[in-house]
Amino acid sequence: MSTATLAPAAFDEFGRCLPTAVQSPVHRQSRRYFRLGTPAVDPAAILARLGRHLGAGKGLDVNSFTRRIDAIRARLAADPATAGMLNGLAVPFIVPRTPVTEIGTLMEEGYLPAVARSFEEAFPAERFTNHVKLGLAGKLTVQPGSRHERLIEAMGDDEVVGLYFPCLTEYSLPAAVEQIASLPDHLLLAGGFDTAAAFVGVPDLLLRTDGYPPLLWLTGLAGEKPGIGYHFEAYGHDLTFNRRAHLGQTAEYWWSGISVLETR
Amino acid sequence: MTATLTADPGLTASEAAKRNDLASRKPHVAAKLARVAEMEERGEISPIIRLEKSYLCNFQCTHCSAEYYMDRHLEKVFKIKDERQKIDLDDIRRLSKEADELGLARFVITGGEPLVMKDFDAVVEAIDPDRHYVITDTNGWFLDLERARHLKAIGVEKVQLSLDSMIEAEHDKFRNKPGSYKRVMRAIDASLEAGLNLILSTVLVRGRGKSDEFRQMCEFAKSKGIGLYVSYAKPTGSCTDHPEFVIDKEDADVVRELEKSYPVFTHMTPSYGSFKGCITVKGIITVTSTAEITPCPYIDFSLGNLRQNSLKEILDRGMRNPWLGPHRPDCLIGEDPQFIKIHTERTKGATHLPLPWGKGFSDNDSLQDEK
């Protein structure tokens, strides 16, 4: 799809994707009460953590990783429809090559433990808690319209380098799906593997001491029932993974992410 | 109705035992409580109903959120009497029925000091302990073993006992009542002896979380095997004159850290994986002595009056309000400066609280107003 046929995407000076042509619940304006802190986005540290905890990027050196990230940034910067994304936080990630047969099991057995190891290594006094005690097996599928299937397909073929943007702030999940349809074709709603990989690389993504950070939904994935979603959320200085009813509603506290994958 | 005995693997053994005991004695109540998680998944709510039938109190605490509702305050400060119609037992019976029909399951009798109410037993009966889980707040002054056994006998399940410092002189000073600390200690033993569920309730003022005294209170609760409920000081009621009491995020995070080691919790602590965050409307409502319903004990804006609106209509108003309905992790009236400013400005000089629907909250509320 050509971006020439689309209205220019509007990202504000903070990188928030402004809702255009969205009918589902969304906050048209934000008072920016819930915010991310200023986590260090250091490619060397990210690459080291991804290798240590997720087995990703092991054949990459920092310069190559940085070049590949910069290439994604350059592509976004070159398009007026996406340049504003770079006003906000962008978290580089690598998802290792893995044929995905079952999303929930892979999240539960591979990615969430990796997030836990990275978080508790960085913050030994704090905890990562997966509150979903009844398991994830068979409960997560790609959300129709999210474009997230492209990551699942790509990671079956090769290791995937990308950037995670928590920029759909104060959108309901249906609004995020609507919004992604109006954005350039190479942007997809973030789901489980990309968001978790972002947390492995930047474990303090939701750490804030002077105020409250947002909750980050895995909007590229649908839960086992309509209206149920899965998310990462801070609790004090701790990090949690949980599920809850969203029922298509919006909240200042609820954000979704967009992933941009490199094209090779 | 029969209640299924609980076998949830996520429950602690003691919690499972408590729930099974309740199911054997009060199956209707236990069944409703067991359905709360299902209701939440459907987007339905099951708030605890705090019932402030009377504000009569034998204490005059430094941090009291109800002081501005009390006759003594109106008479002393404004030289007026509150002529508004007060709730009676028929109102409570009707509320109990409406709440039951909506699946709500919990009442907290509060005040004022509930145990000075002459009609306390009649209020419990009007709520109906076979229909709802009944809790009472108390400062403990009148809670000896005989009274504790009586509460249990009339159907009260749980007592929330206020303790504001492990240092006797500090507690008594905060509560402006010499001897009150000793009465709390007596009440703890009496409640446990009588087989009442018991939690301690304490107010967190700024900086207290890091104090040795607070750590001692956490240790004390742990040693007694009872929960310690921590209420943040909010800029309302008597605390309006003490802005220095209001906590910040660091204080809240200190308590969150202590939750890892002690049976300490706030209204926003995740419970068995359910993380409501701020519980306004979603987890609690307050019914004032004039039948107004407010979304939490510390917000003096009404969502409607039970004599004029159904409980369901009032809850729906709350849930569609942009401040109250959406999920948020922080305390609206304790931590959000924009809302605190709105609340302070609108209630300033008001003689009769809460402000009625339309004067405080309304369907025109917006997060964008009055930054």
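Q: Hey, could you run me through the packing of aromatic side chains in this one?
A: Each aromatic ring pair is described using two quantities: the centre-to-centre distance and the angle formed by the ring planes. Evaluation of the coordinates by the stated rule reveals 18 aromatic pairs over all chains. Look at Phe 59 of chain B and Trp 141 of chain B: their rings are 5.9 Å apart centre to centre, the planes differ by 80 degrees, and that puts the pair in the edge-to-face class. Of this pair, Phe 59 of chain B sits in the loop between strand E1 (48-52) and helix H4 (71-78) while Trp 141 of chain B sits in the loop between strand E3 (133-138) and helix H7 (145-154), and the two are 82 residues apart along the sequence. Accessibility expressed as a relative area gives 15% for Trp 141 of chain B, which makes it buried. Every member of this aromatic cluster is reached through a ring pair, and the members are Phe 128, Phe 199, Tyr 230, Phe 232 and Phe 241 of chain A.

Q: What am I meant to see in the domain arrangement of chain B here?
A: Quoted interface sizes are often the accessible area lost when the parts come together. Residue and element names in this part refer to chain B. Partitioning chain B into domains gives domain 1 (1-34) and domain 2 (48-347). One C-alpha centre belongs to domain 1, the other to domain 2, and the line joining them spans 25 Å. Taking both partners together, domain 1 and domain 2 bury about 1,000 Å²; carbon and sulfur atoms supply 52% of that area. When the area that domain 1 buries against domain 2 is broken down by residue, the three leading residues are Lys 26, Val 29 and Lys 32, summing to 47%. In this structure, the connection of domain 1 to domain 2 is made through three salt bridges. Ionic pairing is found between Lys 32 and Asp 100, a salt bridge with its closest N-O pair at 2.5 Å. Counting the contacts that link domain 1 with domain 2 gives eight residue pairs in polar contact (both at pLDDT 80 or more). Where the side of domain 1 that touches domain 2 is concerned, the elements lending two or more residues are helix H1 (13-25) and helix H2 (27-34). Sorting elements by how many residues they give to the side of domain 1 that touches domain 2 places H1 first, with five residues.

Q: Would you mind going over the interface of chain B and chain A with me for this structure?
A: Taken together, the contact pairs 29 residues of chain B with 33 residues of chain A. Overall, the association of chain B and chain A removes approximately 2,600 Å² of surface from exposure, summing both partners, and the carbon and sulfur fraction of that is 52%. Inspection of the chain B/chain A interface yields five salt bridges. The partner of Glu 126 of chain A in a salt bridge is Lys 260 of chain B, and the shortest N-O contact between them spans 3.0 Å. Counting across the chain B and chain A interface gives 19 residue pairs in polar contact (both at pLDDT 80 or more). Elements with a contribution of two residues or more to the side of chain B that touches chain A: helix H3 (36-41), helix H11 (249-258) and helix H14 (337-347) of chain B. The element that contributes the greatest number of residues to the side of chain B that touches chain A is H11 of chain B, accounting for five residues. Split into classes, the residues belonging to the side of chain B that touches chain A amount to nine nonpolar, six polar and 14 charged.

Q: What is the right way to read the side chain of Thr 136 of chain B from this model?
A: Its location among the elements puts Thr 136 of chain B in strand E3. When sequence neighbours within four positions are dropped, the list of residues in contact with Thr 136 of chain B reads Ile 109, Pro 114, Phe 120, Leu 151, Val 156, Lys 158, Val 159 and Gln 160 of chain B.

Q: Could you clarify how one ought to interpret the pairing of strand E5 (residues 197-204) of chain B in this entry?
A: Consecutive side chains of a regular strand alternate in pointing toward one face of the sheet and then the other. Residue and element names in this part refer to chain B. Of all eight residues in E5, eight are buried; the element is thus mostly enclosed. A two-sided burial pattern is seen for E5, the buried positions comprising Asn 197, Ile 199, Ser 201 and Val 203 on one face and Leu 198, Leu 200, Thr 202 and Leu 204 on the other. Relative to E5, strand E4 (residues 156-162) runs parallel, the two being bridged by five bridges. Opposite Ser 162, over in E5, you have Ser 201 as the bridge partner.

Q: When you look at the environment of Gly 179 of chain B in this model, what are you seeing that I'm missing?
A: Residue and element names in this part refer to chain B. Among the secondary structure elements, Gly 179 is positioned in the loop between helix H8 (168-174) and helix H9 (180-193). Gly 179 gets classed as partly exposed once you look at its relative accessible area, which sits at 28%. Separated by 38 residues in the primary sequence, Gly 179 and Trp 141 have C-alpha atoms spaced 8.8 Å apart. Each residue touching Gly 179, except ones within four places of it in the same chain, is listed here: Trp 141 and Asp 172.

What counts, and where the lines are drawn
Residues numbered from 1 in each chain as written. Chains lettered and ligands numbered in written order. Predicted model: local features only at pLDDT ≥ 70, side-chain atom pairs only at ≥ 80, totals over all residues. Heavy atoms only, no water. Phe/Tyr/Trp six-rings, centres within 6.5 Å; stacked < 30°, edge-to-face > 60°. Helix = DSSP H or I, 4+ residues; strand = E, 2+ residues; numbered from the N terminus. Buried < 20%, exposed > 50% of the residue type's maximum accessible area, 1.4 Å probe, protein only. Domains from an automatic or database assignment. Buried area = accessible area lost by both parts, 1.4 Å probe. Salt bridge = Lys/Arg side-chain N within 4 Å of Asp/Glu carboxyl O. Polar contact = N/O pair within 3.5 Å; in protein donor to acceptor, adjacent residues only side chain to side chain. Contact = heavy atoms within 4.5 Å. Nonpolar A, V, L, I, M, F, W, Y, C, P; charged D, E, K, R; others polar. Pairing = 2+ DSSP bridges.

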